[in-house]
Amino acid sequence: MSDKLSLPIQPLKAKDFKSDQEVRWCPGCGDYAILAAVQSFLPELGMERERICFVSGIGCSSRFPYYLNTYGMHSIHGRAPAIATGLATSRPDLSVWVVTGDGDALSIGGNHLIHALRRNVNLKILLFNNRIYGLTKGQYSPTSETGKITKSTPYGSADAPFNPLSLVLGAEASFVARTLDSDRKHLQEVLRAAAVHQGSAFVEIYQNCPIFNDDAFEVLKSPESRDEALIRLVHGEPIVFGPEGRHCVVRNGWGLAVAETADVAESDIVVHDSTAADPSYAFALSRLSGDSLDHTPIGVFRSVRRDTYDSIVRQQVSDAQSDGAAEAELAGLLTGSDTWTIL
Amino acid sequence: MNTVRQLDRVVIRFAGDSGDGMQLTGDRFTAETAKLGNDLSTLPNFPAEIRAPAGTLPGVSSFQIHFADTDILTPGDAPGVLVAMNPAALKANLPDLPGGATIVVNSDEFTARNLKKVGYQANPLEDDSLEPYQVHAVPLTSLTIEALSNFDIGKNEAARAKNMFALGLISWLYSRPTDTTEAFISKKFAARPELAQANIAALRAGHAYGETTESFAVRYEVPPASLQPGTYRNITGNLALAYGIVAAGVRAKLPVFLGAYPITPASDILHELSRHKRFGVTTFQAEDEIAAVGAALGASYGGALGVTTSSGPGIALKSETISLAVSLELPLVIVDVQRAGPSTGLPTKTEQADLMMALYGRHGEAPIAVVAPCTPADCFDAAIEACRIAVTYRTPVMLLSDGYLANGSEPWRLPDVSALPDLTVEFASGPNHILDDGTEVFWPYKRDPETLARPWAVPGTPGLQHRIGGLEKRDGTGDISYDPANHDFMVRTRAARIDRIEVPDVVVEDPEGEADVLVLGWGSTYGPIGAACRALRQRGLHIAQAHLRHLNPMPANLAEVLAGYKRVVVPEMNLGQLSAVLRARFGVDVVAYNQVRGLPFTSQELETVLEEVVKNV
Ligand SMILES: Cc1ncc(C[n+]2csc(CCOP(=O)(O)OP(=O)(O)O)c2C)c(N)n1
Ligand code: SF4
Ligand SMILES: [Mg+2]
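Calculation rules
- Residues numbered from 1 in each chain as written.
- Chains lettered and ligands numbered in written order.
- Predicted model: local features only at pLDDT ≥ 70, side-chain atom pairs only at ≥ 80, totals over all residues.
- Heavy atoms only, no water.
- Helix = DSSP H or I, 4+ residues; strand = E, 2+ residues; numbered from the N terminus.
- Rg over C-alpha atoms; globule rule 2.2 N^0.38 Å.
- Buried < 20%, exposed > 50% of the residue type's maximum accessible area, 1.4 Å probe, protein only.
- Contact = heavy atoms within 4.5 Å.
- Areas by Shrake-Rupley, 256 points an atom, 1.4 Å probe, with all protein chains shown as cover.
- Near = heavy atom within 4 Å.
- Polar contact = N/O pair within 3.5 Å; in protein donor to acceptor, adjacent residues only side chain to side chain.
- Nonpolar A, V, L, I, M, F, W, Y, C, P; charged D, E, K, R; others polar.
- UniProt positions renumbered as here; feature names shortened; annotations may be inferred.
- Axes fitted to C-alpha atoms, helices over the stretch in contact; angles between N-to-C directions.
- Parallel < 35°, antiparallel > 145°, perpendicular 65-115°, else oblique.
- Buried area = accessible area lost by both parts, 1.4 Å probe.
- Salt bridge = Lys/Arg side-chain N within 4 Å of Asp/Glu carboxyl O.
- Core = buried A, V, L, I, M, F, W, Y, C linked by side-chain atoms within 4.5 Å.
- Donors = N, O, S within 2.8 Å, 3.2 Å for Na, K, Ca; no water.
- Phe/Tyr/Trp six-rings, centres within 6.5 Å; stacked < 30°, edge-to-face > 60°.
- Lys NZ or Arg CZ within 6 Å of the ring centre and 35° of its normal.
- Domains from an automatic or database assignment.
- Pairing = 2+ DSSP bridges.

Helix and strand counts for chain B come out as 20 helices and 25 strands. Radius of gyration (C-alpha) of chain B: 27 Å, near the 25 Å computed for a compact globule of 617 residues. By its C-alpha atoms, chain B is 95 × 60 × 45 Å across when sized along the principal axes. Across the 617 residues that make up chain B, the buried fraction comes to 62%. Contacts in chain B between residues far apart in sequence, at least 24 positions, make up 76% of those at least 6 positions apart. Put simply, chain B shows about 23,200 Å² of open surface, and 51% of that area lies on carbon and sulfur atoms.

This part takes up the site of ligand 1. Around ligand 1 lies a shell of 17 residues, among which A:C60, A:S61, A:D102, A:G103 and A:D104 are the nearest. More than one chain lines the surroundings of ligand 1; the residues nearby belong to chains A and B. At a separation of 3.1 Å, an oxygen atom of ligand 1 approaches a polar backbone atom of A:I132. Relative to its unbound accessible area of 590 Å², ligand 1 is 77% covered by the protein chains. A per-class count over the shell around ligand 1 returns six nonpolar, eight polar and three charged.

Taking the numbering used here, the UniProt-annotated feature "domain: Pyruvate/ketoisovalerate oxidoreductase catalytic" (unreviewed entry) corresponds to residues 19-207 of chain B. The distance from the first to the last C-alpha atom of residues 19-207 of chain B is 23 Å, and the span holds 42% helix and 16% strand.

Along the chain, B:T264 connects to B:P265 via a cis peptide bond; the corresponding omega equals 0°. Position of B:P265 among the secondary structure elements: in the loop between β10 (256-260) and α10 (267-273). Located in the positive-phi region is A:K137, a residue other than glycine, with phi close to 75°. One can find A:K137 in the loop between β4 (124-129) and α5 (164-170). Phi is positive for B:S343, close to 55°, though the residue is something other than glycine. Mapped onto the elements, B:S343 comes out in the loop between β13 (332-338) and α13 (355-360).

Let us look at the packing of helix α4 (residues 140-147) of chain B against helix α6 (residues 162-173) of chain B. Residue and element names in this part refer to chain B. Running from N to C, α4 and α6 point in directions that differ by 100°, and their axes come no closer than 9 Å. Judged by the inter-axis angle, α4 sits roughly perpendicular to α6. Residue-level inspection shows L140, T141, L143 and T144 of α4 in contact with α6, the latter providing K162, F165 and A166. Each residue belonging to the contact of α4 with α6 can be placed in one class, and the counts come to four nonpolar, two polar and one charged.

The next subject is the interface of chain B and chain A. Counting residues at the interface gives 67 residues for chain B and 59 residues for chain A. Taking both sides of the interface into account, the surface hidden between chain B and chain A amounts to around 5,400 Å²; carbon and sulfur atoms contribute 61%. In terms of surface lost to chain A, no three residues of chain B exceed B:R278, B:Q465 and B:R467, which account for 16% of the buried area on that side. Between the two partners, chain B and chain A, sit four salt bridges. Between A:R119 and B:E287 there is a salt bridge whose closest N-O contact spans 2.9 Å. Where chain B packs against chain A, one counts 26 residue pairs in polar contact (both at pLDDT 80 or more). Listing elements by their share of the side of chain B that touches chain A, those giving two or more residues are α1 (22-36), β9 (230-236), α9 (237-252), β11 (281-285), α11 (289-301), α12 (312-328), β16 (409-413) and β19 (467-469) of chain B. In terms of residue count, the dominant contributor to the side of chain B that touches chain A is α11(B) (seven residues).

Once that is clear, we can look at the nonpolar core. Ranked by internal contacts, the top residues of the largest apolar core, which has 164 residues, are B:L520, B:L578 and B:L582. Listed in part, the 49 residues of the second largest apolar core include B:I12, B:F67, B:F165 and B:L173.

All names here are of chain A. Within the protein, the magnesium ion (ligand 3) binds to D102 (OD), N130 (OD1) and I132 (O); these donor distances fall in the range 2.1 to 2.2 Å. Each donor residue of the magnesium ion (ligand 3) lies on one chain, and together they are spaced D-x27-N-x1-I. You can call N130 buried: its relative accessible area is 6%.

Turning next to the packing of aromatic side chains. Residue and element names in this part refer to chain A. Counted under the stated rule, the structure contains 20 aromatic pairs over all chains. Each ring, one from F54 and one from W97, has its centre 5.7 Å from the other, and the planes form 20°; the classification is stacked. With F54 in strand β1 (residues 52-56) and W97 in strand β3 (residues 95-101), this pair connects stretches of sequence that are 43 residues apart. Between R119 and the ring centre of Y309, over which it is positioned, the NZ or CZ distance is 5.9 Å.

If you check the domain split of chain B, you get domain 1 (3-221), domain 2 (233-419), domain 3 (427-502) and domain 4 (508-615). Here the C-alpha centroids of domain 1 of chain B and domain 3 of chain B sit 61 Å apart.

All names here are of chain B. Read from one edge to the other, the open sheet built from five strands follows the order β20-β22-β21-β24-β25, with strand pairing classed as mixed. Two strands bound the open sheet, and with one partner strand each, they are β20 (508-509) and β25 (591-594). Bridge analysis of strand β21 (residues 517-522) against strand β22 (residues 544-548) gives five bridges, and the strand direction is parallel. Bridged to W522 within β22 is L548. The strands that helix α20 (residues 603-616) touches are β21, β24 (567-572) and β25; relative to β24, the one it contacts most, it runs at about 160°.

Further remarks concern the UniProt feature "domain: Thiamine pyrophosphate enzyme TPP-binding" (unreviewed entry) in chain A. Using the residue numbers shown here, the UniProt feature "domain: Thiamine pyrophosphate enzyme TPP-binding" (unreviewed entry) corresponds to residues 58-205 of chain A. Across residues 58-205 of chain A, the secondary structure splits into 32% helix and 19% strand, with the terminal C-alpha atoms separated by 17 Å.

Encoded structure:
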């Protein structure tokens, strides 16, 4: 189990990552698009399949590992980040990915998610956000809009939703990104950036559930509205969006706001810096989109280097073992300092 | 000149305010006694509050030691000697003292204010309420301050050394050598040599006080016990358990991964294991017990020996993940250091009420192996046994210790490390099945025909990529399966895998072979049950004793053993959990004796109970 990632002899193809299991999501489910994007992205990792492991919780999204010809564990509801923490900490030679849903990660598993991010365990966490509980057939989730009518909220949900990116930025996440199930190119770009990140990479993927929350992200997808609504973040570039770059993002009090490009000086337009040490900037970006998603940044919000929990822990162990085998010292450990002998 | 009298056994209880250093005093007295070669057993008793208000009853902390010239089984029912550092310690412990017991009190603390704090109307040292006892009122604080007057330390620091003065005095009274304590003090206060010297001076002053004052007319000696030859050390249950896990990792040649969330009385295992990175032990203090067991399971999946430690409330949280481990058929060791419940209950007190939770406290049919140590030192062997079962049978194993074992101590004859069981395992490395068309494949749920264990195929192994999960899987292939017959088969197979675990037969101790009554225990009741049986036999009564280490699966000969006696008595520190299991499984009408006071049984009460059954059978 070396720290080095060994390269496959033959370059792999997307089909090499398909398992023999029949995919069982509903027709039209956004999960299909994400699966296809991931399968065709994985060869880019340049790793042998056996070095890759997907760990998921429970939910429609969490069926994901079954469909990949890698190692995989479909675990229990909300606990995948915890299980993956144990795996990634003890196995630096693996590339460990977590697949989770909005209920799985933000409701039952909220505690594990924030602590994995705080520790910066070397995990890639893909949260499929469909703003609904899919597998249990359509109850509202922690990302559903206030007032949403669902099976369990016939009079409208009274809960205020989480903004997942605001949440994980508060949890000290070192890599935070958002992408869309339907935009394969963008999705793969984000995966690429996440894959090379050292530490926890959190990727929110807006995912359509045609059965229980159809068109939840339509404003970001339909040709009529998407140009107005989508803000594509590019590191080092001024944040402008809309037809002919009509809109832009400027500083506003403690945060950011959308302005008309024609109305502001060029120097007032915020230049995207995903490496900003202070998470306040990425947080402000995450606040641009409200419930209605009318100004929704996608791309890498934040990507900073920070020591990872697992490498620190492994270093402590290997330092303690640096001068050779300890096994011979077991008897000494058990003996301790205060003994007596009976003849 | 004082006379020297020989005794065969002594029980001393050191009691004081939790700030008085009674645990340390007890520990040092124990080390001196061990050095002398007595057999011994100890039991600390501390308050749940970290610092209850000074001088109050809830703030009393105590440490009891039983030592003898023969082998002994318990820390003793009632102390023959009480060292009470303040009125609260006297008041809290007096009810446990038999008439004639010796009491050494720190008379300096018996001020009007302190007496009032614990509700003494009159000073018990001055009225006749302590008449039944032999009382030595010694101004421990002022004598210590006086003895340290030449040291360059503050008065408060000097006063704090009074526990060393008391230790010196009691060490003199029972003829214990103090050189190990002096060495200990020098090491402990290495950074402050003047404090080290002061504490040593206090210890010596206490010793000299005993020798020179008139008040102690007699001193005592307890000759060494003739224990089995070997090298011994003193050890608590939690330390022995932690060492057992380290040793199991070494013997299995596997890295150990401990996931834990702090909880009394299990935290010391986390503390101890976090020091042993040199032996390849990684410790993870998780955000909660669910993450702790989850990470341990994730590490097991990756090929480590995954362990999680907790107490009842935490084990309840782990339940869902343990069921996942049952379904994944991966090794996992779960340590439950039981404490008195339900809920927070009496967190520093002992109980055996998690047995049913260990056996059945999961959803679905989710049997796991359950192992229980019976003495503090036995925690070492029981931990190795739990790890052996986990890695051999690829199953979760619950190790049921308790607060009494965790903090109690006894001499431990050091094992020969090379003779510890070999726990090496083989990971799967290639295909294990040939399809009808001749293709070689890997089936994650193809079992070993003997043990029914499935292969342990760790991520990273070329060609063995496979997916596992909590959904029911087809036997062999491991593919998701909703087939009713397959589910029935898998449930039964998972149960059979546990039932087939090889465990040693239960051994019955019945020296004369004439007993009609069997007393059957499990866990930490071994000591008091054994002591009660000895006492009965000395009085010419016949009783057989057996103790269960393996609670699931149970020993193959247990049914036969139970059938061989007219009466079976089962004492437990719960409301009859093992009794209920025995009735259900074996149809025997056992006599249950139960107590849930948060304290271990006294051998005296068990003697009375057992005598009653033996005489009426
Ligand atoms: C302990 C536990 N509680 C409840 C459930 C039921 N359950 C399964 S998935 C799910 C919600 C899934 O929602 P989400 O995470 O958003 O995933 P999606 O199906 O939408 O992809 C729930 C409540 C469960 N499996 N386990
Ligand atoms: S319920 Fe929704 S999320 Fe689940 S598979 Fe069907 S479409 Fe996809
Ligand atoms: Mg969802």
